[in-house]
Amino acid sequence: MEALAGVASGIAVMSLTIQLVDSIGKIKTFVQNIKDAPKELERLVEKLQLLAALLDEVRKILEGQASISGQEQHFPAASTVLSQGVQRCEKSIQLLKDIVGRFRMPQSQLGSTVAKLKSEVKLGFKVKEIATFETRIQQDIDCLHMCLTMNSTVIL
């Protein structure tokens, strides 16, 4: 019964990683569509791309562990710390999604208010706030690395 709970938890985390990678893609697209975006936003997007790649690796590892632990009763399920690391990333991405959501406009309004949107985005993403997000995303990346290491020790 405990193995089934571990598999279910692993599936939930895999699903969450897919959602987070999708959200990161949407944030990245939004930022890339801002003409003359501050360099800080470009750096943030680079960190987000790294986080997305890492989350995709987590998903692949979880899929592999789930398939192996289903075949071999002795093989341990994924570490719960990996789930906690992904949930931490979810909080950071949600904050960014909320900010991006404030600046999204219907396509019909977008053409007439591009200049207004551009200035609002620059106001919304103040340099200090961008630096804070950049630091937070880097901490999430470091945390996921640690979680993956801990998960590897469970296997060994």
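Please read these numbers as outputs of a predicted model, since none were measured by experiment. (Residues numbered from 1 in each chain as written. Predicted model: local features only at pLDDT ≥ 70, side-chain atom pairs only at ≥ 80, totals over all residues. Heavy atoms only, no water.)

Undergrad: Outline the overall build of the chain, supporting the account with residue identities and numerical values.
TA: Each helix and strand counted, the chain has six helices and zero strands in total. Going residue by residue from the N terminus, the α and β elements of the chain occur as α-α-α-α-α-α. Among the 156 residues that make up the chain, the fraction classed as buried is 37%. For the chain, long-range pairs separated by at least 24 residues make up 83% of all intrachain contacts whose partners lie at least 6 apart in sequence. (Helix = DSSP H or I, 4+ residues; strand = E, 2+ residues; numbered from the N terminus. Buried < 20%, exposed > 50% of the residue type's maximum accessible area, 1.4 Å probe, protein only. Contact = heavy atoms within 4.5 Å.)

Undergrad: Go over the pattern of salt bridges, please, and point to the residues and values.
TA: In total, this model carries seven salt bridges according to the counting rule given. Note that Glu134 and Arg43 form a salt bridge whose closest N and O atoms lie 3.1 Å from each other. Highlighted residues: Glu134 in helix 6 (residues 127–155) and Arg43 in helix 2 (residues 39–71), separated in sequence by 91 residues. Using a relative accessible area of 13% as the deciding quantity, one classes Glu134 as buried. A relative accessible area of 39% places Arg43 in the partly exposed class. Two residues, Asp56 and Lys60, come together in a salt bridge whose shortest N-O distance is 3.6 Å. Pair noted here: Asp56 and Lys60 are both in helix 2, with a separation of four residues, about one helical turn. Exposure remark for Lys60: the relative accessible area of 41% places this residue in the partly exposed category. A cluster of three or more residues bridged by salt bridges with shared partners is formed by Asp56, Glu57, Arg59, Lys60 and Glu63. (Salt bridge = Lys/Arg side-chain N within 4 Å of Asp/Glu carboxyl O.)

Undergrad: Please provide a residue-by-residue account of the environment of Val31, values included.
TA: Within the secondary structure, Val31 sits in helix 1 (residues 2–32). Apart from residues lying up to four places away in sequence, Val31 is in contact with Ala37, Leu41 and Val45.

Undergrad: Could you give me a rundown of the side chain of Thr17, with the residues and numbers involved?
TA: By the secondary structure assignment, Thr17 is in helix 1. With a relative accessible area of 0%, Thr17 lands in the buried category. With residues up to four places along the chain from it excluded, the contact list for Thr17 reads Leu55, Val58, Arg59 and Val86.

Undergrad: Report on the side chain of Ser23, specifying residues and quantitative values.
TA: Checked against the element boundaries, Ser23 lands in helix 1. Overall, the relative accessible area of 9% leaves Ser23 in the buried class. Once residues within four sequence positions are removed from consideration, Ser23 is found in contact with Ile93 and Lys97.

Undergrad: Can you explain helix 3 (residues 80–103)? Please cite residues and give values.
TA: Here helix 3 spans 36 Å end to end across 24 residues, near enough to the 34 Å set by a 1.5 Å rise per residue. The set of residues buried in helix 3 consists of Val81, Leu82, Ser83, Gly85, Val86, Cys89, Ser92, Ile93, Leu96, Ile99, Val100 and Phe103. (Expected span 1.5 Å × (residues − 1).)

Undergrad: Outline the state of the cysteines, supporting the account with residue identities and numerical values.
TA: What the rule picks out here adds up to zero disulfides. Considering cysteine sulfurs only, Cys147 is the nearest to Cys143, which forms no disulfide, with 4.0 Å between them. (Disulfide = S-S within 2.5 Å.)

Undergrad: Give a detailed account of the confidence of the model for the chain, specifying residues and quantitative values.
TA: Averaged over every residue, the pLDDT of the chain is 79; the share at 70 or more is 72%. Confidence, read as mean pLDDT per element, is least for helix 4 (residues 107–110) in the chain (51) and greatest for helix 3 (88). (pLDDT = per-residue confidence, 0-100.)

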